[in-house]
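Structural characterization, general
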Amino acid sequence: MLEIKNLHAKVEGEDIEILKGVNLKVNAGEIHAIMGPNGSGKSTLSKVVSGHPEYEVTEGEILFNGEDITELDADERAHLGLFLAFQYPVEVPGITNKTLLREAYNTIARANDREELDPLEFEDYLIEKLNVIEMKDEFLNRSINTGFSGGEKKKNEIFQMAVLNPKLSFLDETDSGLDIDALKVVSDGVNKIASNDNAIVMITHYQRLLNYIKPDFVHVMMAGKIIKSGDIKLAEELEAHGYDEMQKELALNGEAQ
Amino acid sequence: MSEETKALESMIGEEYKYGFTTDVEYEEFPKGISEDIIRELSTRKGEPEWMLEFRLKAYHAWKEMEEPSWFNATYKKPDFENLLYYSAPKKKPQLDSMDDVDPNIRETYEKLGIPLEEQKMLAGVAVDAVFDSVSVFTSFKEKLADAGVIFCSISEAIKEHPELVKKYLASVVPVRDNFYAALNSAVFSDGSFCYIPKNTKCPMELSTYFRINNMDSGQFERTLIVAEEGASVSYLEGCTAPMYDENQLHAAVVELVALDNADIKYSTIQNWYSGDENGKGGIYNFVTKRGICKGNNSKISWTQLETGSAVTLKYPSVILQGDNSIGEFYSVAVTTKKQQADTGTKMIHIGKNTKSTIISKGISAGQSNNSYRGEVKIGKKAHGSKNYSVCDSMLIGQECGAHTFPYISSQNPSSSVEHEATTSRVGEEQIFYLMQRGISEQDAISMIINGFVKDVLKELPLEFAVEANKLLDVKLEGSVG
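One structure accompanies this document, and this report is about it. (Residues numbered from 1 in each chain as written. Chains lettered and ligands numbered in written order. Predicted model: local features only at pLDDT ≥ 70, side-chain atom pairs only at ≥ 80, totals over all residues. Heavy atoms only, no water.)

What to know about the overall build of chain B
To keep things clear, this is the line we draw: Each helix corresponds to a stretch of at least 4 residues labelled H or I by DSSP, and each strand to a stretch of at least 2 residues labelled E; elements are numbered beginning at the N terminus. Categorising residues by exposure relies on relative accessible area from a 1.4 Å probe, with only protein chains included: less than 20% of the type maximum marks a residue as buried, more than 50% marks it as exposed, and the intermediate range marks it as partly exposed. Pairs of residues are marked as contacts when any of their non-hydrogen atoms sit within 4.5 Å. Shrake-Rupley sampling with a 1.4 Å probe provides the accessible areas, and residues are treated as covered by the protein chains on show and by no other component.
In terms of helices and strands, chain B carries 12 helices and 21 strands. The buried share of chain B, reckoned over its 481 residues, is 62%. Of the contacts made within chain B by residues no fewer than 6 positions apart, 85% connect residues no fewer than 24 positions apart. Element-wise, carbon and sulfur atoms account for 48% of the exposed surface of chain B, whose accessible area totals about 17,900 Å².

Rendered as structure tokens:
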């Protein structure tokens, strides 16, 4: 579904590369976790893949279902089925969640020659999706993320994911700032959404999230590269020994720069 | 400059769409201002002697006054000797129906997309269309007359209802109030008069379209609205003008009088030509708008969407004289290119338990300058009075400016004044967030701006809000690169 080849990227107008040759392949039905310390480039990777205008790809390519999407705008990537659950969901005062979602849902439907939903049908659809994340319907009529608590914002991201039903979702530190109850709710939601037809890439600092959402693959990212990939055991290893030790070990093996 | 900002600027800096002129014959009238000109004007309008006296008194007051310069705007001063103080379509028809209106004028309205005719009527709106200086069309007069409501041109009111005009004209904005109010008092061409009798709810929303369509013609509209005890009225004013190179002066005066338990809602959409990319041309919009809550429990509410004009100086104000009276000001001011707007309000609390609310939203783009200037004054006897003000500014791009000048004075310790102000930029993060959800860049920007102004637009009467949204869309529409 997603194939990232030797991806290099930097902040537009600056010289320093943040991604220094990332390779990653994600197939339908898979859940991946990307772990790594602060500043390793994890969040940048999710933004570059989803088309944030602040970043410039200097080398490599991003293929989505075989199509090179490296030059597409963020909305065009969304139309193809790419979703990013933001680490810091943005507040947009004066526009309700419902308005955004209907606009987004129908825009994506139009782009894919699918039937749009009229306001009444959409209302029913939304109510159904609220169950995924145990959200109250009052959220629908509140301005996007405005005045939401940290936990509510994260839940709202997963709710949007449920509504838009993307093929590939990047969850950028969705677990950060969540208490244990909220973490369970959010994880349950993600597990309900996950299917054989879609794929999920979780970005996280902590192994704790992986207790709730079981990844098929775990990748460790450091200094702008994925330096090690494996299964859930890799995450357990990290939890036990920390990033520093892994870095040292890899350095000894000549695998890291 | 980022791509977003550029796109935003190109959308907001759209060329004025309504740049066309209508070929209507004009009665000739000499340029310039003098006692003779005023006499001639008054004669042509067939005014009574007392009105001429009023004008001459104002003219002499004006001659002694200096043009103000305290605001945050610079522009080439109008040449008052080169202005045309009177213009009217040559044929002065007595019209029974829309069919009798000059086809050119009708076409102009149609081009503007102003639903002057059936749509308005179906919506239950009486339309008093002011084309340049003479009212050419008034509808729904009978229905209003049945309710006892007087809604006519001010010229007609001077002849038909002199006692009311004499009593209230210049009672809120005195002749000597300011330079432009004095000038208006001397030479006002026409405008609207509205009188709602005791305990009457005006059966429909009243709407007037102002339009400047004559080169060099200063427009000096005069509006007077009086709501008697227990009366209520909603008045809508919207305007747009064709494209010209010469600056055109518009110095209107609007006076509102609300007696005991009366309620006046005054809504404006202003979209006059704002000049080209280099700031050439465009309307000077120097308007004095003021209402007085004269009676107890009365209420005056101003709502405005200001998107046009090269220079706007405008402070719709409320004098809260009656106890428990309420004053409101809801404003969206959009400036683009080299537009300059210095706008805001004054809330003067005199009576007990008076309340005022100010919600001001400024959007600046291009190299424009957008200032909010608001004064809240709480007098000694205004026990238990309250003011709440919010002034938010949104900047688009790096070259524009937003300024807030709040003046607050309270002489009464039992009263409270609350002022909040924020300035934000249309953020790349907001645009990216919405685009990530599949929304196009243009729609994302439009959503963000609509969200920003929502608190104000929701104060507009419903059918006017539709026009407001349309106007914002026109202002925002454009190709995204």
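This is not the end of the story, as more comes after the structure.
Regarding the overall build of chain A
Where we set the bar: Only C-alpha atoms enter the radius of gyration; for comparison, a globular chain is expected to reach 2.2 Å times N to the power 0.38, where N is the number of residues. The sign given to each residue is positive for Lys and Arg and negative for Asp and Glu; His and the chain ends receive no count. The atom standing in for a charge is NZ when the residue is Lys, CZ when it is Arg, CG when it is Asp and CD when it is Glu.
Of the regular secondary structure elements, chain A holds seven helices and 12 strands. The C-alpha atoms of chain A give a radius of gyration of 18 Å, which matches the 18 Å a tight globule of 257 residues would have. Its C-alpha atoms give chain A principal-axis dimensions of about 60 × 40 × 35 Å. Counting every position in chain A, which comprises 257 residues, the buried fraction comes to 54%. Across chain A, the fraction of contacts at a sequence separation of at least 24, relative to all contacts at a separation of at least 6, is 68%. Surface accessibility of chain A: about 11,500 Å² in total, with carbon and sulfur atoms responsible for 44%. With 26 positive and 47 negative side-chain charges, chain A shows a spacing of 4 Å between the two charge centroids.

Quick notes on the sheet that holds strand S1 (residues 2-11) of chain A
Residue and element names in this part refer to chain A. Let me state the cut-off plainly: Any two strands with at least two DSSP-identified bridges between them are counted as paired.
The strand order across the open sheet formed by four strands is S2-S1-S4-S5, and the pairing between neighbours is antiparallel. Only two strands of the sheet have a single partner each, and these edge strands are strand S2 (17-26) and strand S5 (67-68). Across eight bridges, the pairing between S1 and strand S4 (residues 55-64) is antiparallel. What sits directly across from His-8, in S4, is Glu-59.

Some words on the sheet that holds strand S12 (residues 225-230) of chain A
Sheets are built from strands paired through backbone hydrogen bonds, the pairs being either parallel or antiparallel. Residues and elements named next belong to chain A. This is how it is decided: Axis lines are fitted to C-alpha atoms, over the contacting stretch for helices. Their N-to-C directions set the angle, which ranges from 0 to 180 degrees.
Spatially, six strands are ordered S6-S9-S10-S3-S11-S12 in an open sheet, and the strand pairing comes out mixed. Each end of this open sheet is capped by a strand with a single partner; those strands are strand S6 (82-85) and S12. Strand-to-strand twist across the sheet, computed as the mean angle between neighbouring axes with direction ignored, equals 20°. Bridging between strand S3 (residues 31-35) and strand S10 (residues 199-204) involves five bridges; their strand directions are parallel. What sits directly across from His-32, in S10, is Val-201.

Structural notes on unusual backbone geometry
Residue and element names in this part refer to chain B. Although it is not a glycine, Asn-199 adopts a positive phi angle of roughly 50°. Relative to the assigned elements, Asn-199 resides in the loop between strand S4 (192-196) and strand S5 (205-211). Positive phi values are uncommon outside glycine, yet Asn-353 reaches one of about 50°. With respect to the element layout, Asn-353 can be found in the loop between strand S16 (340-349) and strand S17 (355-364). For Asn-353, a relative accessible area of 38% translates into the label partly exposed.

Things to note about helix H9 (residues 179-187) of chain B
Residues and elements named next belong to chain B. Put simply, the test is: Two N or O atoms form a polar contact when they lie within 3.5 Å of each other; inside protein one atom must be a possible hydrogen donor and the other a possible acceptor, and for residues adjacent in sequence the pair counts only when both atoms belong to side chains.
Counting buried positions along H9 gives nine out of nine residues, so the element sits mostly inside the fold. All buried positions along H9 are accounted for by Phe-179, Tyr-180, Ala-181, Ala-182, Leu-183, Asn-184, Ser-185, Ala-186 and Val-187. Elements in contact with the buried residues of H9: helix H2 (35-44), helix H3 (49-64), strand S6 (222-227), strand S8 (248-250), strand S9 (253-258) and strand S11 (283-293). Two to three positions downstream of the cap, the backbone nitrogen of Tyr-180 sits 2.9 Å from a side-chain oxygen, assigning the N-cap of H9 to Asn-178.

A word on the interface of chain B and chain A
Stated formally: Accessible surface is computed with a 1.4 Å probe, and the buried area is the amount of it that two parts give up when combined, taken over both parts together. One speaks of a salt bridge when a side-chain nitrogen belonging to Lys or Arg is within 4 Å of a carboxyl oxygen belonging to Asp or Glu.
Each side of the interface is counted separately: chain B has 20 residues, and chain A has 34 residues. In total, chain B and chain A occlude about 2,100 Å² of area from one another, counting both sides; carbon and sulfur atoms represent 65% of this. By the criterion of area lost to chain A, the three top residues of chain B are Phe432(B), Tyr433(B) and Arg437(B), representing 35% of everything that side buries. If you look at where chain B meets chain A, you find one salt bridge. Its salt-bridge partner being Arg437(B), residue Glu157(A) comes within 2.5 Å of it at the nearest N-O pair. Counting across the interface, chain B meets chain A through 13 residue pairs in polar contact (both at pLDDT 80 or more).

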